[in-house]
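A structural walkthrough
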Amino acid sequence: MTARVGWPDVAKGVCIILVVLWHVVTKHAIEVEGAGPITDAWATLNAQLLPLRMPLFFLISGMFAGSAVNAPAGVSWRRRAGRLAGVYVIWVVIQTFVLAWTPDFDTARAENAWQLLAQLTISPTNLWYLLALAVYLLIARVVRHVPTPVVLPVAFVIATVAAAGLIPDLGNLWQLVQNLFFFLAGPRLRSIIERFAAACGTLRILMLGGAYVAAVAAVGVLGMRQWPGVWPLLAIVAVAFGVAACALLDRHAGVIARPLRWIGQRTLPIYVIHMIPLALIDGALRGLGWVATPAVEVVWPIVLTAVVIAICLAVHAALVRVGLGVLFDPTVRPLVRTR
């Protein structure tokens, strides 16, 4: 058996950390009394990572889903899609009840049955990544026999339409539509991506990083965010840089890559849980009348991101230990004890 390549898990670890950091900054730090230019800089930095964070996450998810999508029997992809959809429903409901205790926390939460139904279907919440994966698996299965030169250009056009703001403003629906291209590229271009990652060196990473920074700057300065095709192309540059950087880290910086790989293999519990401890911490600090200082603004997003991730992993371990692992995989059949 061949050893599992490490850089995709490094990439997943980077992505989930960036997801938590994004929410820490945009839903908490900017709302803290006393927040100033340093927090604004954090918000700006996080905004520049938008073309990288979720597209790279979906690319890796697509690479890992390839065998399930193309399996002859089709049982594997159905089980995986069912698990993701089930986890989405479970944690949307859990969030609805828990976040009711933190009304000042800035995130979508259902206030009645109709809103909850919408969040479970056409208006995805902050947990939209799970719903997207379930939908993407179905689409990937349906088009598995359609040639790649047809599938990917069509998916790119769909991403272009979504990025241009032509999708109705229903929660995160536009993001769900926009990232299909990267998920489909994962299994269809896996061998190309792996060869690219293996061949990346320092010079290529510097070039890709420079291209990413220059492209982000140009899009921001010229207001090109919704120009047809601009955002998907920017995301392709960002993802290429992300793949190259993670591959290089995995090969030459084990002290950094090892914890990232470890986190990257545990993204699901972090993703579904993290908004809850963040909201509770935000509410507690508001109650204490906490005021940020410049020194705190510099380190607080990093510290809180680490604290929230640690809480998520501890909660997940505790829930699994008391027999509630079904919250993370509702497709698991409980063991029946026999005498």
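Only a predicted model underlies this, so the values are computations on that prediction, with no experimental measurement involved.

1. Quick word on the environment of I158
Assignment of secondary structure puts I158 in helix α7 (residues 148-163). Residue class for I158 comes out partly exposed when judged on its relative accessible area of 33%. C-alpha separation for the pair I158 and V177, spaced 19 residues apart in sequence, amounts to 7.1 Å.

2. Focus: the layout of surface pockets
Of the voids in this model, the largest pocket is the one considered here, and its volume is about 650 Å³. Lining the largest pocket are 28 residues, with K12, R83, L84, T267 and L268 positioned closest to its centre. Residue assignment for the lining of the largest pocket shows that the elements contributing at least two residues are α1 (7-27), α3 (50-70), α4 (75-98), α6 (128-142), α14 (267-273) and α16 (294-321). In terms of residue count, α4 provides more of the lining of the largest pocket than any other element does, five residues in total. Of the residues that constitute the lining of the largest pocket, the class distribution is 15 nonpolar, six polar and seven charged. Estimates place the volume of the second largest pocket at around 510 Å³. When residues of the lining of the second largest pocket are traced back to their parent elements, those giving at least two are α1, α3 and α8 (173-178). In terms of residues, the lining of the second largest pocket owes the most to one element, α1, which gives five residues.

3. Here's the deal with the side chain of T102
Looking at the secondary structure, you find T102 in the loop between α4 and α5 (113-120). Since its relative accessible area comes to 7%, T102 is described here as buried. For T102, the residues in contact, after removing those within four places along its chain, are R109, A279 and L280.

4. Concerning the confidence of the model for the protein chain
Looking at the protein chain as a whole, its pLDDT mean stands at 90, while 97% of the residues score no less than 70. Predicted confidence for residues 335-339 stays below pLDDT 50, and this span has zero contacts to residues more than four positions away or in other chains.

Reading guide: rules and limits
Residues numbered from 1 in each chain as written. Predicted model: local features only at pLDDT ≥ 70, side-chain atom pairs only at ≥ 80, totals over all residues. Heavy atoms only, no water. Helix = DSSP H or I, 4+ residues; strand = E, 2+ residues; numbered from the N terminus. Buried < 20%, exposed > 50% of the residue type's maximum accessible area, 1.4 Å probe, protein only. 1 Å grid on protein atoms, 1.4 Å probe; cavity = no way out; pocket = protein on both sides within 12 Å on 5 of 7 lines; lining within 4 Å. Points joined across faces, edges and corners; volume = space filled by probe spheres on them. Nonpolar A, V, L, I, M, F, W, Y, C, P; charged D, E, K, R; others polar. Contact = heavy atoms within 4.5 Å. pLDDT = per-residue confidence, 0-100.

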